[in-house]
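One-letter residues, chain by chain:
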Amino acid sequence: MTPVRITARVDYAVRAAVELAAAAPGALTSDRIATAQGIPARFLQSILGDLQHARLVTSQRGREGGYRLALPPEEVSIARVMRVEQGFLAEVHGQRPEEVEYPGAAAPLAGVWVAAREAYRRVLEEVTLADVVAGKLPAAVAELAALEEAWRSFGDEPVV
């Protein structure tokens, strides 16, 4: 399974969606989103096109035009936005974790990958754009984020 890796494209898509959620039900121009989040304008145009194709975002031309969320922010999870840009939330050699089979002693490892994906999914499915805009994460997610060790990468730990 690939490490938990948030690509620039996924990060930009989620940040653009959060900006739109903060402006909901109003609209924002792509230039305003790009400036607010420091996203390259051409990259953002492509991402907004993907979000539009996935029916998460709508656009309107004209004076009152711009981009807006197609759904209320409380109905859009972070996972939903991420899947637009990356497909599966977790994969093992290009396969879904439940499709992986290992021989011999490694056979139970497939269950580890499935459990890891489920833990990742529980956080990303639970947090909505509205939660991020409000600055109030769901209790279970806030509890994980409050753990001191959650803010350290494995390589950051002191060697004893």
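Now for a look at the structure at hand. (Residues numbered from 1 in each chain as written. Predicted model: local features only at pLDDT ≥ 70, side-chain atom pairs only at ≥ 80, totals over all residues. Heavy atoms only, no water.)

### What to know about the pattern of salt bridges
(1) Moving on: Inspection of every chain in the model, using the stated rule, returns eight salt bridges.
(2) Moving on: The partner of Arg 9 in a salt bridge is Asp 50, with the nearest N and O atoms 2.8 Å apart. Residue Arg 9 is located in helix α1 (residues 8-23), and its partner Asp 50 is located in helix α3 (residues 41-53); the two are separated by 41 residues in the primary sequence.
(3) Moving on: Counted as one network, the salt bridges with shared partners bring together Arg 9, Asp 50 and Glu 85. (Salt bridge = Lys/Arg side-chain N within 4 Å of Asp/Glu carboxyl O. Helix = DSSP H or I, 4+ residues; strand = E, 2+ residues; numbered from the N terminus.)

### Observations regarding the side chain of Asp 131
(1) Moving on: Tracing the chain through its elements places Asp 131 in helix α6 (residues 129-134).
(2) Moving on: At 8.3 Å, Lys 136 is the nearest oppositely charged side chain to Asp 131, a buried residue that forms no salt bridge.
(3) Moving on: Sequence-distant contacts of Asp 131, defined by excluding residues within four places in its chain, comprise Glu 126, Lys 136 and Pro 138. (Buried < 20%, exposed > 50% of the residue type's maximum accessible area, 1.4 Å probe, protein only. Lys, Arg positive; Asp, Glu negative; His and termini not counted. Contact = heavy atoms within 4.5 Å.)

### Observations concerning unusual backbone geometry
(1) Moving on: In this chain, Ala 24 is followed by Pro 25 through a cis amide linkage whose omega measures 5°.
(2) Moving on: Within the element layout of this structure, Pro 25 appears in the loop between α1 and α2 (30-37).
(3) Moving on: Notably, Arg 55 is not glycine yet its phi reads approximately 65°, a positive angle.
(4) Moving on: Following the sequence through the fold, Arg 55 ends up in the loop between α3 and β1 (57-60).
(5) Moving on: Under the relative-accessibility criterion, Arg 55 is labelled exposed at 68%.

### Examining the packing of helix α4 (residues 78-86) against helix α5 (residues 109-126)
(1) Moving on: Two elements in contact, α4 and α5, have axes separated by 5 Å at closest approach and are oriented at 110°. Judged by the angle between their axes, α4 and α5 are roughly perpendicular. Residues Ile 78, Ala 79, Met 82 and Arg 83 of α4 pack against Tyr 120, Arg 121, Leu 124 and Glu 125 of α5. (Axes fitted to C-alpha atoms, helices over the stretch in contact; angles between N-to-C directions. Parallel < 35°, antiparallel > 145°, perpendicular 65-115°, else oblique.)

### Overview of the side chain of Ser 30
(1) Moving on: Note that Ser 30 resides in helix α2.
(2) Moving on: When near neighbours in sequence (up to four residues on either side) are disregarded, Ser 30 contacts Leu 44, Gln 45, Leu 48 and Tyr 67.

By themselves, these figures tell us nothing about what the structure is for.
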